[in-house]
Amino acid sequence: MPRKSTHPTPTDNSSLCIQYLRRCGGSARLCHINFSLSVIQTLINQRKVKISNTGAGFFIELEDSK
């Protein structure tokens, strides 16, 4: 009988958010995306995305992985 994992599986949509941003060219207006604040905060904490203020609104952008 297989054992249950003690590690929780990710139930958020962070990977979907990353895929969405890649399809949008790496950035999107923050008010136009439909992901929860907790998903966005998780990605910011993992340093996968950043938020920038362009003066015309806030944008969420993928961090450059170098």
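Just above, that's the structure.
The paragraphs below set out a description of the structure included in this document. (Residues numbered from 1 in each chain as written. Predicted model: local features only at pLDDT ≥ 70, side-chain atom pairs only at ≥ 80, totals over all residues. Heavy atoms only, no water.)

A few words now on the overall build of the protein chain. Counting its secondary structure elements, the protein chain contains two helices and three strands. Ordering the α and β elements of the protein chain from the N terminus gives α-β-α-β-β. Relative to all contacts within the protein chain whose residues are 6 or more apart in sequence, the contacts with residues 24 or more apart total 45%. Put simply, the protein chain shows about 5,500 Å² of open surface, and 51% of that area lies on carbon and sulfur atoms. (Helix = DSSP H or I, 4+ residues; strand = E, 2+ residues; numbered from the N terminus. Contact = heavy atoms within 4.5 Å. Areas by Shrake-Rupley, 256 points an atom, 1.4 Å probe, with all protein chains shown as cover.)

The next thing to look at is the side chain of serine 52. With respect to the element layout, serine 52 can be found in strand S2 (residues 49–53). One polar contact links serine 52 to glutamate 61, side chain to side chain, over a distance of 3.3 Å. Ignoring sequence-local partners within four residues, the contact set of serine 52 consists of Gly57, Phe58, Phe59 and Glu61. (Polar contact = N/O pair within 3.5 Å; in protein donor to acceptor, adjacent residues only side chain to side chain.)

With phi around 60°, arginine 47 is a residue other than glycine that occupies positive phi space. Residue position: arginine 47 is located in the loop between helix H2 (37–45) and S2. Assessed through its relative accessible area of 69%, arginine 47 is described here as exposed. (Buried < 20%, exposed > 50% of the residue type's maximum accessible area, 1.4 Å probe, protein only.)

When you line up the elements, leucine 43 lands in helix H2. Once the C-alpha coordinates of leucine 43 and serine 14 are considered, the two residues, 29 residues apart in sequence, prove to be 6.7 Å apart. Beyond its immediate stretch of four places on either side in the chain, leucine 43 contacts Ser14, Cys17, Ile18, Lys48 and Val49.

Along the polypeptide, alanine 56 turns up in the loop between S2 and strand S3 (58–62). On the accessibility criterion, alanine 56 (56% relative accessible area) is exposed. Along the primary structure alanine 56 and arginine 29 are separated by 27 residues, whereas in three dimensions their C-alpha atoms are 9.8 Å apart.

Pairing analysis gives three bridges linking strand S1 (residues 27–29) to S3, with the strands arranged antiparallel. By the bridge assignment for S3, arginine 29 is matched with phenylalanine 59. Pairing analysis gives five bridges linking S2 to S3, with the strands arranged antiparallel. Paired with lysine 50 across the strands is glutamate 61, a residue of S3. A loop of four residues connects S2 with S3, the two strands running antiparallel in sequence, and glycine 55 in this loop sits at a positive phi of about 90°. (Pairing = 2+ DSSP bridges.)

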